[in-house]
Amino acid sequence: MAMIGFKDVSISFGGHPLLDHVNLQMERGERICLLGRNGAGKSTLLQLIHGDILPDDGEIVRQQGVRIAMLSQEVPRGLVGATIDVVAGRLGSDPPLPVSEDVSRHQQVEKTLSRMNLDHHARFETLSAGLKRRVMLARGLANDPDIMLLDEPTNHLDIDAISWMEEFLLRYGGTLLFVTHDRMFLQKLASRIFELDRGVLTDWSCDYETYQKRKQATLDAEAGHWAEFDKKLAREETWIRQGVKARRTRNEGRVRMLEKMREDRRSRRDRVGSVRLQAQDAGRSGKLVVEAEDVSCGYDPDAPVIRDFSTVIQRGDKVGIIGPNGSGKTTLLRLLLGECPYQGSLRHGVRLETVYFDQLRAQLDENKSVADNVGEGNDTVQFNGKSRHIIGYLQDFLFSPERSRSPVRILSGGERNRLLLAKLFTKPSNVLIMDEPTNDLDTETLELLEELLFDYPGTLLLVSHDRAFLNNVVTSTLVFEGQGHIGEYVGGYDDWLRQRRLPEPPIKAEKVKAERPKPARERRQTLSFKQQRELEALPHQIESLEAEQKNLYQVMSDPSFYQQTGDEIAGAKVRLEVLEQEIEIACLRWEELESLNGN
């Protein structure tokens with residue numbers, strides 16, 4: 001028997017139903033990702049499963065005694081107290097449990113805190129955003145749920161926290177249903193996909209990569225079907241206008257069929273359109289954008305947020321910034337803009353037109369309407385030298401005329417992000433500064449934003465915890481590596497993982513004292529099984545990298561290579577630099593393992 005099932009469940013809040021006669025079943029141990037556009041009803045579906053709201057129609061069947069816990073998108077405000085009390089839920093005015101139940105509950109809470117590496121007595125209100133999310137997850141898990149519902153669990157988490165959550169949830173034995181825009185998180189966790197689209201829930205029963213292929217094929221087939229339907233409807237409309245012939249008795253069936261086709265066309269729910277993203281070009285900046293040399297920044301001179309930082313950013317560079325929450329990423333953006341005090345040398349280029357995407361969305365006035373926030377009181381905006389009506393411009397960002405007149409305070413997180421993009425792109429720029437632009441955006445809009453930034457002719461500085469987004473957009477990364485030091489690497493997130501040097505484990509003094517020379521035969525036995533396998537694989541890896549390097553040199557030596565676009569030439573040069581570094585790192589590792597092996 002399924003742990004939970006929907007039978008013809010429907011719900012709406014005015015307008016089209018968010019769920020239209022939906023059926024689903026969830027089995028024990030499944031990891032299911034729920035996909036859908038912003039506003040499709042994903043959070044509503046989770047609330048129905050959790051029992052927070054009731055459907056308008058249909059039946060929800062739960063297995064007897066099934067326990068369901070939910071981690072919502074936002075951490076509840078005003079929650080204070082020790083971590084153990086927050087996880088145990090002992091902050092309200094609930095009556096005390098019987099002694100036996102209280103002891104059992106306490107043991108479960110202690111076990112959960114230990115399992116999730118949380119400090120029992122840390123004050124919840126002083127924790128970072130990532131640790132607060134971990135505590136709220138622990139609060140749900142302390143109830144030993146059969147089903148865990150997670151609504152955007154990676155929102156506002158840094159990369160380390162996201163990686164920890166991935167590994168934890170992979171080991172979790174219960175049933176998971178989660179909503180996420182993080183494609184790497186989705187790909188790693190999901191064994192089954194639910195998609196909510198125009199009120200219909202589709203069960204794809206596959207992983208994310210397979211879903212993408214099947215979904216595109218389905219959309220192509222649907223488009224073909226509706227195109228043929230519309231052609232037939234147009235022919236029948238032409239026929240009915242002939243008048244007398246259409247009213248003959250033998251044609252009554254054809255008239256009834258036309259009426260049915262009209263009804264089908266009226267009830268059809270077309271897919272929500274895609275956001276039409278386009279940035280205004282302010283013309284080329286100078287070749288140099290920012291040059292920093294031995295720059296430090298911070299309120300405490302003994303512990304600066306940024307220490308002895310040097311870099312050169314040139315026109316067309318797309319730079320990703322990676323670091324834990326609170327490490328100073330936003331401070332680095334402000335430093336590069338020259339907006340905070342610093343020591344050292346900082347130089348800016350000429351003809352810079354900068355646009356700044358603020359992760360806190362402070363540029364939006366919550367009491368003004370959507371249109372007033374973008375038009376600033378005007379009915380039109382200037383875009384690439386042409387005047388556009390503000391309502392038409394906002395429709396490019398999926399805001400209906402009614403929504404455009406609504407106050408910002410009622411918008412969802414995804415709508416606010418789209419609104420801020422709409423506001424920023426009314427201004428010409430050749431330098432884009434984007435601080436966490438991906439939060440709350442659905443996957444389709446994320447991919448469109450990726451395309452825009454990839455093709456953007458200016459310079460991009462991007463703070464993001466979205467690993468796939470970084471891989472697909474940036475050409476280099478600045479990484480906070482502790483104590484104010486920032487490392488610079490070629491390529492995106494995966495490239496940084498390959499290039500970074502992991503710190504050597506400390507050697508204990510007593511172990512050093514105990515060491516003595518060993519015979520050659522004994523030294524050859526010091527490699528672990530994993531190191532031995534790595535040593536055996538390295539020659540082939542180096543050979544493969546060198547073959548790719550040689551092939552790339554041959555391609556670049558051909559005069560026709562330089563007839564390609566600037567982006568293609570730059571991409572090849574970047575790849576060549578990455579290959580050189582990877583070969584050097586692999587050779588050093590090979591020498592290190594060979595020396596350990598005593599050869």
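1. Here's the deal with unusual backbone geometry
No. 1: With a phi close to 50°, aspartate 308 is a non-glycine residue in the positive phi region.
No. 2: Relative to the elements of secondary structure, aspartate 308 occurs in strand E11 (residues 306-314).
No. 3: Positive phi is not limited to glycine here, since glutamate 376 has a value of about 50°.
No. 4: Structurally, the position occupied by glutamate 376 is in the loop between helix H10 (370-375) and strand E15 (380-383).

2. Looking at a negative patch on the surface
No. 1: Together, Glu451, Asp455, Asp567 and Glu568 line one region of the surface with negative charge.
No. 2: Contributing elements (two or more residues each) for the negative patch: helix H14 (443-455) and helix H20 (566-596).
No. 3: Mapped onto the elements, glutamate 451 comes out in helix H14.
No. 4: Classification of glutamate 451 by relative accessible area gives partly exposed; the value is 49%.

3. Concerning H14
No. 1: For H14, with 13 residues, the first-to-last C-alpha span of 19 Å sits near the 18 Å given by 1.5 Å per residue.
No. 2: The set of residues buried in H14 consists of Thr443, Thr445, Leu446, Leu449, Glu450, Leu452 and Leu453.

4. Describing the sheet that holds strand E19 (residues 476-480)
No. 1: The 6 strands lie next to each other as E14-E17-E18-E12-E19-E20, forming an open sheet whose pairing is mixed. A strand with exactly one partner marks an edge of an open sheet, and here the two such strands are strand E14 (354-357) and strand E20 (486-490). Neighbour-to-neighbour, the strand axes of the sheet open up by a mean angle of 15°, direction not taken into account.
No. 2: Bridge analysis of strand E17 (residues 431-435) against strand E18 (residues 459-463) gives 5 bridges, and the strand direction is parallel. Within E18, the residue paired with methionine 434 across the bridge is leucine 462.

5. Section: the sheet that holds strand E6 (residues 147-151)
No. 1: Pairing is mixed in the open sheet, where 6 strands are placed in the order E5-E6-E7-E3-E8-E9. Each edge of the open sheet carries a strand with a single partner, namely strand E5 (68-71) and strand E9 (200-203). On average, each strand axis in the sheet is tilted by 20° relative to the strand beside it, whichever way the strands run.
No. 2: Summarising the sheet, E5 and E6 pair through 4 bridges and their orientation is parallel. When the bridges of E6 are listed, methionine 70 appears paired with leucine 149.
No. 3: Packing of helix H4 (residues 129-141) onto the sheet brings it into contact with E5 and E6, and relative to E6 it is tilted by some 155°.
No. 4: Docked against the sheet, helix H7 (residues 208-240) engages strand E3 (31-35) and strand E8 (192-197), running at close to 40° with respect to E8.

6. Concerning the pairing of E8
No. 1: Most of E8 sits inside the fold, with 6 of its 6 residues counted as buried.
No. 2: A two-sided burial pattern is seen for E8, the buried positions comprising Arg192, Phe194 and Leu196 on one face and Ile193, Glu195 and Asp197 on the other.
No. 3: Examined bridge by bridge, E3 and E8 share 4 bridges and lie parallel to one another. By the bridge assignment for E8, isoleucine 32 is matched with arginine 192.
No. 4: As judged from the 4 bridges shared by E8 and E9, these two strands associate in the antiparallel manner. From the neighbouring strand, aspartate 197 faces E9, where its bridge partner is valine 200.

7. Here we look at the environment of glutamate 481
No. 1: With respect to the element layout, glutamate 481 can be found in the loop between E19 and E20.
No. 2: Residue classification places glutamate 481 among the partly exposed residues on the basis of a relative accessible area of 44%.
No. 3: Along the chain, glutamate 481 and proline 324 lie 157 residues apart, while their C-alpha atoms are 9.3 Å from each other.
No. 4: Once residues lying within four places of it in the same chain are set aside, the contact partners of glutamate 481 are Ile486, Gly487 and Tyr489.
No. 5: Engagement of the side chain of glutamate 481 in a polar contact is seen with the side chain of tyrosine 489, the distance being 2.3 Å.

8. Let's talk about the confidence of the model for the chain
No. 1: With 86% of its residues at a pLDDT of 70 or more, the chain shows a mean pLDDT of 81.
No. 2: Low confidence marks residues 91-100, where pLDDT is under 50. Its contacts with residues over four positions away, or in another chain, come to 7 contacts.

Rules behind the numbers
Residues numbered from 1 in each chain as written. Predicted model: local features only at pLDDT ≥ 70, side-chain atom pairs only at ≥ 80, totals over all residues. Heavy atoms only, no water. Helix = DSSP H or I, 4+ residues; strand = E, 2+ residues; numbered from the N terminus. Patch = residues over 30% accessible without salt bridge, like charges linked within 9 Å, V, L, I, M, F, W, Y side chains within 5 Å. Areas by Shrake-Rupley, 256 points an atom, 1.4 Å probe, with all protein chains shown as cover. Salt bridge = Lys/Arg side-chain N within 4 Å of Asp/Glu carboxyl O. Lys, Arg positive; Asp, Glu negative; His and termini not counted. Charge placed at Lys NZ, Arg CZ, Asp CG, Glu CD. Buried < 20%, exposed > 50% of the residue type's maximum accessible area, 1.4 Å probe, protein only. Expected span 1.5 Å × (residues − 1). Pairing = 2+ DSSP bridges. Axes fitted to C-alpha atoms, helices over the stretch in contact; angles between N-to-C directions. Contact = heavy atoms within 4.5 Å. Polar contact = N/O pair within 3.5 Å; in protein donor to acceptor, adjacent residues only side chain to side chain. pLDDT = per-residue confidence, 0-100.

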